[in-house]
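Report on the structure
Chain by chain, the residues:
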2 protein chains.
Amino acid sequence: MHILVIGAAGMVGRKLTAAILAGVLARPVSRMTLVDIVEPVAHEAPFPMTTLSADLSAPGVAQQLIATRPDLIFHLAAIVSGEAEADFDKGYAINLDGTRHLFDAIRHESLSAPYCPRLVFTSSIAVFGTPLPPAIQDDMAHTPLTSYGTQKAICELLLADYSRRGFFDGIGIRLPTIVVRPGAPNKAASGFFSGIIREPLNGIETVLPVDDSVRHWFASPRSAVGFLVLASSIDTTPLGQRRNLTMPGLSATIAEELAALERFGGTRALGLVRREHDPVISRIVAGWPQNFDARRALDLGFRAETNFDDIVRAHIEDEMGGTVR
Amino acid sequence: MHILVIGAAGMVGRKLTAAILAGVLARPVSRMTLVDIVEPVAHEAPFPMTTLSADLSAPGVAQQLIATRPDLIFHLAAIVSGEAEADFDKGYAINLDGTRHLFDAIRHESLSAPYCPRLVFTSSIAVFGTPLPPAIQDDMAHTPLTSYGTQKAICELLLADYSRRGFFDGIGIRLPTIVVRPGAPNKAASGFFSGIIREPLNGIETVLPVDDSVRHWFASPRSAVGFLVLASSIDTTPLGQRRNLTMPGLSATIAEELAALERFGGTRALGLVRREHDPVISRIVAGWPQNFDARRALDLGFRAETNFDDIVRAHIEDEMGGTVR
């Protein structure tokens with residue numbers, strides 16, 4: 001099977017690529033194409049691997065990618081929330097038009113000769129917006145409070161309609177906030193959720209801008225890859241017309257997160273978390289979902305961590321060689 | 001105030017125009033522009049009235065319409081459900097891209113100099129798809145089962161995001177199935193809901209293709225105009241970011257509809273309804289919503305009929321000169 005990963009240079013894309021190379025898929029892989037706005041890193045592989053720098057929103061790019069008729073497509077590429085909010089045109093061009101170009105390229109390919117690839121799309125819990133119930137059900141309306149969330153919600157609708165029409169076999173998965181993100185701190189409003197684990201475990205001070213009582217919805221990068229792998233192979237028949245799924249996750253408070261930090265890093269790590277209330281970040285986070293009842297995904301076999309210790313342990317194993325220095 | 005009506009040649013657009021000319025709006029009207037794919041009929045008016053044939057999906061058309069900076073815009077234009085399903089490209093071009101062109105034209109106009117018109121958009125209960133609860137709440141997810149419903153759901157999301165950004169002051173209203181539609185029978189799957197009142201009251205035989213137990217969600221053309229008028233003047237602040245509303249309606253069965261027909265047209269009219277089961281139409285109708293709990297719209301003052309007699313009476317008064325021959 002020929003696999004196309006769009007957004008392959010991002011954190012999830014790189015981990016997914018590594019997992020596929022490690023043999024996580026049941027079906028044999030014959031070819032991989034890795035695409036991103038910056039050219040993804042090439043890997044040693046027992047099959048042909050192509051890496052490409054390409055902008056899905058540019059004319060003709062989607063057609064070129066699809067002309068090779070990949071059997072399995074992961075569409076992970078997106079302008080992130082903050083940038084899509086700051087740059088209205090760019091967010092809609094990449095997150096909406098780019099996705100639609102991809103979907104239409106598949107549609108046109110399927111009209112010329114039988115073709116119906118599996119398409120896995122990463123959506124977001126940003127499709128939901130306050131006022132929200134304490135635990136969000138699978139049939140909750142999408143009332144996003146950002147342009148990013150709006151673009152993801154629209155792509156979900158397109159994915160369902162194009163799948164219903166038989167142009168591809170699509171599945172959209174709404175990822176929880178992924179913690180612990182490896183690498184350097186970024187400017188995302190959600191960055192501190194990872195930072196208050198990652199930095200102290202590396203002996204670096206970090207800032208916590210919200211109250212300990214703040215509750216949010218989490219899964220590890222390892223779980224995110226697991227979701228993508230299962231979504232790539234699952235029988236989509238039981239989904240019916242409802243092709244988009246809230247992934248399972250862990251609903252936890254900052255206090256629970258800090259308790260896990262202390263268990264793995266001791267009081268020394270905990271002492272590196274400096275409380276510095278930020279009213280802007282606090283207000284943004286107050287509008288975010290806190291908990292989901294992700295029954296449909298659980299029934300289909302999707303699994304995430306059930307406590308914060310498992311999330312921290314995955315980070316230590318996958319990013320720190322298994323030990324806290 | 002300058003009013004732009006897009007989709008002015010349709011049934012609701014014509015009735016809305018007549019209501020505006022009859023003075024239904026509180027704010028004084030200084031100008032009206034009526035647009036449709038076929039040029040709308042011009043009217044005598046105490047202010048300048050322009051009628052235009054234009055295709056919103058064609059380049060530059062939306063900019064031309066918005067360059068005159070209308071204060072109030074009714075966007076009623078759409079390819080109907082059956083045609084959007086039969087012609088995928090045309091449905092997306094008109095119902096999605098045409099609407100987006102309009103929204104972007106307003107956005108660009110608002111970026112050049114302060115401009116924030118009220119925009120009233122007619123959405124549809126086709127944004128909902130089975131499985132559905134017996135009475136659909138305001139926060140029910142949109143899982144449309146047609147391309148038309150998908151396009152309406154996407155436009156709702158865009159309307160909310162563009163309003164949140166301050167490009168216009170938008171409100172989307174999900175219309176019930178409008179009965180009794182005047183004029184000749186059409187090929188819409190829902191046509192019989194109007195036909196079994198309209199034709200027998202005119203002494204003409206008609207076919208009922210579904211069971212008497214079928215339940216659906218209705219409002220009269222008069223109520224539809226009332227929704228648009230209220231949506232054009234209402235304070236949108238209480239809507240928050242949830243700019244799209246399910247309109248109130250009447251949940252009624254075919255049996256209730258036929259009982260109303262008999263009360264107004266007697267056994268003679270009832271006898272003109274010929275039962276001829278159509279499995280295709282029955283299956284389509286089985287996927288449609290049956291009832292809503294339209295609490296938000298009711299709280300805002302939107303009102304529809306509460307029994308089928310009032311729907312039939314509105315038809316007799318508005319379309320038959322007040323009497324059944």
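Residues numbered from 1 in each chain as written. Chains lettered and ligands numbered in written order. Predicted model: local features only at pLDDT ≥ 70, side-chain atom pairs only at ≥ 80, totals over all residues. Heavy atoms only, no water.

Chain A goes by Nucleoside-diphosphate-sugar epimerase in an unreviewed UniProt entry, where it is assigned to Devosia lucknowensis.

Before going further, it helps to examine the overall build of chain A. Counting its secondary structure elements, chain A contains eleven helices and twelve strands. For chain A, whose C-alpha radius of gyration is 20 Å, the value lies close to the compact-globule estimate of 20 Å for 325 residues. In terms of overall dimensions, chain A has a C-alpha envelope of 65 × 45 × 40 Å along the principal axes. A buried classification covers 56% of the 325 residues belonging to chain A. A separation threshold of at least 6 residues defines the contact pool for chain A, and within that pool the share at least 24 residues apart is 77%. About 13,100 Å² of surface is accessible on chain A, with carbon and sulfur atoms providing 53% of the total. (Helix = DSSP H or I, 4+ residues; strand = E, 2+ residues; numbered from the N terminus. Rg over C-alpha atoms; globule rule 2.2 N^0.38 Å. Buried < 20%, exposed > 50% of the residue type's maximum accessible area, 1.4 Å probe, protein only. Contact = heavy atoms within 4.5 Å. Areas by Shrake-Rupley, 256 points an atom, 1.4 Å probe, with all protein chains shown as cover.)

Position of His315(B) relative to the elements: it lies in helix H11 (residues 308-319). Setting aside residues no more than four positions away along its own chain, His315(B) makes contact with Val180(B), Arg198(B), Leu201(B) and Met320(B).

On to the sheet that holds strand S5 (residues 118-124) of chain B, then. All names here are of chain B. If you walk across this open sheet you meet the seven strands as S3-S2-S1-S4-S5-S6-S10, and the pairing is parallel. Strands with a single pairing partner mark the edges of an open sheet, and in this sheet they are strand S3 (49-53) and strand S10 (244-246). Between one strand axis and the next, the sheet turns through 15° on average, direction left out of account. On the sheet, helix H5 (residues 147-164) packs against S5, strand S6 (169-175) and S10 and is oriented at approximately 155° with respect to S5. Seen against the sheet, helix H7 (residues 221-233) touches strand S4 (72-75), S5 and S6 and runs at an angle of roughly 145° to S5. (Pairing = 2+ DSSP bridges. Axes fitted to C-alpha atoms, helices over the stretch in contact; angles between N-to-C directions.)

What UniProt calls "domain: NAD-dependent epimerase/dehydratase" (unreviewed entry) maps, in this numbering, to residues 3-205 of chain A. The annotated region residues 3-205 of chain A carries 38% helix and 17% strand content, and the separation between its end C-alpha atoms amounts to 41 Å. (UniProt positions renumbered as here; feature names shortened; annotations may be inferred.)

This part covers the sheet that holds strand S7 (residues 177-178) of chain B. Residues and elements named next belong to chain B. The sheet built from three strands is open, its strands ordered S7-S9-S11 with mixed pairing. The open sheet has two edge strands, S7 and strand S11 (250-253), and neither has a second partner. One ladder, built from two bridges, connects S7 with strand S9 (residues 215-219); its direction is parallel. Across the sheet, the residue bridging to Ile178 is Ala219, located in S9.

With that out of the way, let us pick up the nonpolar core. Counting residues in hydrophobic clusters, the biggest one holds 73 residues, and the most contacted among them are Leu119(A) and Leu119(B). Non-local contacts of Leu119(A), meaning those with residues more than four positions away in its chain, are made with Ile73(A), Leu102(A), Phe103(A), Ile106(A), Leu159(A), Phe168(A), Asp169(A), Gly170(A) and Ile171(A). Within the second largest apolar cluster, 37 residues are counted, among which are Met11(A), Phe74(A), Ala224(A) and Leu228(A). (Core = buried A, V, L, I, M, F, W, Y, C linked by side-chain atoms within 4.5 Å.)

Below, the discussion takes up empty space enclosed by the protein. Residue and element names in this part refer to chain B. Using the criterion set out here, one finds one cavity of 30 Å³ or more in the structure. Here the largest cavity defines a volume of roughly 50 Å³. Considering the residues around the largest cavity, the lining is formed by Lys15, Val179, Val180, Ser220, Pro221, Arg222, Ile311, Ala314, His315, Asp318 and Glu319. Elements supplying a minimum of two residues to the lining of the largest cavity: H7 and H11. With five residues, H11 is the largest single contributor of residues to the lining of the largest cavity. Taken together, the residues that form the lining of the largest cavity break down as five nonpolar, two polar and four charged. Counting contributing residues per domain, the lining of the largest cavity is built from domain 1 (2-176 + 220-246) and domain 2 (191-217 + 249-290 + 305-319), each supplying no fewer than three. (1 Å grid on protein atoms, 1.4 Å probe; cavity = no way out; pocket = protein on both sides within 12 Å on 5 of 7 lines; lining within 4 Å. Points joined across faces, edges and corners; volume = space filled by probe spheres on them. Nonpolar A, V, L, I, M, F, W, Y, C, P; charged D, E, K, R; others polar. Domains from an automatic or database assignment.)

Before going further, it helps to examine helix H7 (residues 221-233) of chain A. In this model H7(A) runs 19 Å from its N-terminal to its C-terminal C-alpha over 13 residues, within 8% of the 18 Å that 1.5 Å per residue would give. Its buried side turned inward, H7(A) meets helix H1 (11-21), strand S4 (72-75), strand S5 (118-124), strand S6 (169-175), strand S7 (177-178) and strand S9 (215-219) of chain A. (Expected span 1.5 Å × (residues − 1).)

This next bit is on helix H8 (residues 254-270) of chain A. All names here are of chain A. If you check H8, its first and last C-alpha atoms are just 12 Å apart, much less than what 17 residues at 1.5 Å a residue would give, namely 24 Å. Of all the bends in H8, the greatest measures close to 105° and is centred on Phe264. For H8, the complete set of buried residues consists of Ile254, Glu257, Leu258, Ala260, Leu261, Gly265 and Ala269. Those residues of H8 that are buried are in contact with helix H6 (191-201), strand S8 (206-208), S9, strand S11 (250-253), strand S12 (273-275) and helix H11 (308-319). (Bend = angle between axes of the 7 residues up to and from the residue.)

Note on the copies: chain B fits chain A at an RMSD of 0.0 Å, the axial shift is 0.0 Å, and the rotation between them is 180°. What the superposition gives is, in effect, a two-fold axis relating one chain to the other. Every residue of chain B has its C-alpha some distance from the rotation axis, and the shortest such distance is that of Ala141(B), at 1.8 Å. (Least-squares fit on C-alpha atoms with pLDDT ≥ 70 in both.)

Applying the stated criterion across every chain, the model contains 44 salt bridges over all chains. Measuring nitrogen to oxygen at the nearest pair gives 2.8 Å for the salt bridge that ties Arg69(A) to Glu109(A). Residue Arg69(A) is located in the loop between helix H2 (61-67) and S4, and its partner Glu109(A) is located in helix H4 (residues 88-112); the two are separated by 40 residues in the primary sequence. Overall, the relative accessible area of 24% leaves Arg69(A) in the partly exposed class. Between Arg164(A) and Asp161(A) there is a salt bridge, and its shortest N-O distance comes to 2.8 Å. Taken as a pair, Arg164(A) and Asp161(A) lie in helix H5 (residues 147-164) at a separation of three residues, close to a single helical turn. Overall, the relative accessible area of 2% leaves Asp161(A) in the buried class. Salt bridges sharing common partners tie together Glu85(A), Asp161(B), Arg164(B) and Arg165(B). (Salt bridge = Lys/Arg side-chain N within 4 Å of Asp/Glu carboxyl O.)

So, about the interface of chain B and chain A. Quite often, the size of an interface is put as the accessible area lost when its parts meet. On the side of chain A, 34 residues touch chain B, which itself brings 34 residues to the contact. Both sides together, the interface formed by chain B and chain A hides about 2,800 Å², and carbon and sulfur atoms give 52% of it. Looking only at chain B, the three residues that lose the most surface to chain A are Phe88(B), Leu157(B) and Arg242(B), adding up to 23% of its buried area. Between chain B and chain A we count eight salt bridges in total. With its nearest N and O atoms 2.6 Å apart, the salt bridge here joins Asp89(A) to Arg107(B). There are 28 residue pairs in polar contact (both at pLDDT 80 or more) connecting chain B and chain A. (Buried area = accessible area lost by both parts, 1.4 Å probe. Polar contact = N/O pair within 3.5 Å; in protein donor to acceptor, adjacent residues only side chain to side chain.)

Below, the discussion takes up the packing of H1(A) against H7(A). All names here are of chain A. With their axes 9 Å apart at the nearest point, H1 and H7 run at an angle of 65° to one another. Taken as a pair, H1 and H7 cross one another with a handedness that is right-handed. Taking contact as the criterion, the partners of Met11, Val12, Lys15, Leu16 and Ala19 in H1 are, on H7, Pro221, Val225, Leu228 and Val229. Residues that form the contact of H1 with H7 fall into these classes: eight nonpolar, no polar and one charged. (Left-handed = near helix turned anticlockwise from the far one by under 90°.)

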